[in-house]
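Chain and residue survey
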Amino acid sequence: SSGPATVLVCGNLHGHAVKRIGEAFRLVHIERADPSLLSPQDIAAVRAISAFGGIDADFIDAFPNLEIIANFGVGYDSVDAVHAGAKGVMVTNTPDVLTEEVADLTVALLLSTLRELPGAEAWLRQGRWAKEGFYRLSPLSLRGRSIGIFGLGRIGLAVAKRLEAFGVTVAYHNRRPVDGVDYAYHATLKDLAEAVDTLICIAPGGAATEKAINAEILKALGTDGVLINTGRGTTVDEDALAAALSDGTIAAAGLDVFAHEPYVPQALLDAPHTVLLPHVASASVPTRRAMADLCVDNLVSWFGARKALTPVPETAHVKAK
Ligand code: NDP
């Protein structure tokens, strides 16, 4: 068929991405990934999907002429990329353009958690500085800490580079050691947790990391232990974390991500020594705009040059027909 390709947008997508898709393609927008919201004609017409995750195998199977899924975000654990790859459907994500932003936020969350910045600010705003005096001394400090990074990839390396300037030691755990880095490698997460007092999780979500940070890992981190998670909430056993904070198994946690967003477990809201953020690590106007551009540039390149710009590894073999 001739004319612009039909691109299906599912759910809330960045306005700049929706605008560009509408200019370059035939845009069909539905509020959630549910094929029953579409006519049979549109189902047959769809050649591309763009969404902020949430694309499972059944949804992929609903579209006989689907060629590409352009995910908004670098993390694509909620897109079934293995299934897409097996069917010859390309999946793209938005790496690199958010790396420095997310690394900045990760270090900010680490410092906020250690030095209790939200608690100190609340003290001032509640007028307690004037009435009661200085905010309490923070029991924790970044000074002398040894940091373990779970997921030393693009963002993990950018976090490590920042932490070098803070004068703290860095070690890491991946499935494989990274070539050309001097940080100490630990072949298991347990070994890393035993070796450090601060664990920063910036690993991908999905089955391979599900609840990897469990009661055993938190115990290994120890009573001075601090957990920072800007990766995915599914990587943490949230019940075990709430218990570990409440009974002093670890000292504090800073979380940007949760297993069932936007739901935050009451036990974590009630747990002491936490800083909790609503998944904001990449959420600045300039970075989200750059992500929107890369997301749409993948579609433009696929339907123009017949080549994806940033394919995910699971679909790197997929060729345009
Ligand atoms: P990369 O793919 O560059 O890095 C991922 C790293 O995790 C690699 O070093 C990889 O090493 C390691 N890893 C992957 N799977 C496992 C595993 N099962 N066990 C141990 N290590 C593992 O990704 P990015 O750095 O670009 O992004 C990382 C993640 O950050 C994203 O997937 C996303 O979930 C999250 N993120 C969160 C944001 C937020 O808003 N909070 C914003 C942006 C990203 P190896 O393959 O050797 O195991």
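Considering the confidence of the model for the protein chain
Looking at the protein chain as a whole, its pLDDT mean stands at 98, while 100% of the residues score no less than 70. Interface confidence for the predicted complex, given as ipTM, is 0.99, next to a pTM of 0.98.

Let's talk about the sheet that holds strand β2 (residues 26-30)
Taking strand neighbours across the sheet as the criterion, the five strands line up as β2-β1-β3-β4-β5 in an open arrangement whose pairing is parallel. Of all strands in the sheet, those with a lone pairing partner are β2 and β5 (90-92), marking the two edges. Within the sheet, the average angular offset between the axes of one strand and its neighbour, ignoring direction, is 20°. Relative to β2, strand β1 (residues 6-10) runs parallel, the two being bridged by five bridges. Note that in β2 the partner of L8 across the bridge is V28. Strand contacts of helix α1 (residues 15-24): β1, β2 and β3 (46-51), with the helix running at about 140° to β2, the strand carrying the most contacts. Docked against the sheet, helix α13 (residues 285-304) engages β1, β3, β4 (68-71) and β5, running at close to 160° with respect to β4.

Some words on the pattern of salt bridges
Per the stated rule, a full pass over the model turns up 18 salt bridges. Between K87 and D61 there is a salt bridge, and its shortest N-O distance comes to 2.8 Å. Of this pair, K87 sits in the loop between α4 (81-86) and β5 while D61 sits in helix α3 (residues 57-61), and the two are 26 residues apart along the sequence. Looking at K87, the relative accessible area reads 41%, which means it is partly exposed. Since its relative accessible area comes to 38%, D61 is described here as partly exposed. Its salt-bridge partner being R306, residue E67 comes within 3.4 Å of it at the nearest N-O pair.

Some thoughts on the sheet that holds strand β10 (residues 226-229)
As summarised here, the arrangement of the seven strands in space is β8-β7-β6-β9-β10-β11-β12, forming an open sheet in which the pairing is parallel. Each having just a single partner strand, β8 (184-185) and β12 (274-276) make up the two edges of the open sheet.

Observations regarding the site of the ligand
Around the ligand lies a shell of 26 residues, among which R154, I155, N174, R175 and D256 are the nearest. In the model, an oxygen atom of the ligand is placed 3.1 Å from a nitrogen or oxygen of the L152 main chain. Separating an oxygen atom of the ligand from a backbone N or O atom of R154 is a distance of 2.9 Å. Surface burial for the ligand is 87%, taken as the share of its 920 Å² of free accessible area covered by protein chains. In terms of residue class, the shell around the ligand is built from 11 nonpolar, 10 polar and five charged.

As for the nonpolar core
Within the largest apolar cluster, 53 residues are counted, with the highest numbers of intra-cluster contacts made by I149, L163 and L299. Not counting the four nearest positions on each side in its chain, I149 is found in contact with G156, V159, A160, V170, A171, Y172, H173, L192, I200 and I202. Among the nonpolar cores identified, the runner-up in size contains 27 residues, and A193, L199, L218 and A220 belong to it.

Some points on the state of the cysteines
Summed over the entire model, instances satisfying the criterion amount to zero disulfides. In this model C295 remains outside any disulfide bridge; the closest cysteine sulfur is found in C10, 12 Å from its own. Given a relative accessible area of 1%, C295 falls into the buried group.

Each value, and the rule that gives it
Residues numbered from 1 in each chain as written. Predicted model: local features only at pLDDT ≥ 70, side-chain atom pairs only at ≥ 80, totals over all residues. Heavy atoms only, no water. pLDDT = per-residue confidence, 0-100. Pairing = 2+ DSSP bridges. Helix = DSSP H or I, 4+ residues; strand = E, 2+ residues; numbered from the N terminus. Axes fitted to C-alpha atoms, helices over the stretch in contact; angles between N-to-C directions. Contact = heavy atoms within 4.5 Å. Salt bridge = Lys/Arg side-chain N within 4 Å of Asp/Glu carboxyl O. Buried < 20%, exposed > 50% of the residue type's maximum accessible area, 1.4 Å probe, protein only. Near = heavy atom within 4 Å. Polar contact = N/O pair within 3.5 Å; in protein donor to acceptor, adjacent residues only side chain to side chain. Areas by Shrake-Rupley, 256 points an atom, 1.4 Å probe, with all protein chains shown as cover. Nonpolar A, V, L, I, M, F, W, Y, C, P; charged D, E, K, R; others polar. Core = buried A, V, L, I, M, F, W, Y, C linked by side-chain atoms within 4.5 Å. Disulfide = S-S within 2.5 Å.

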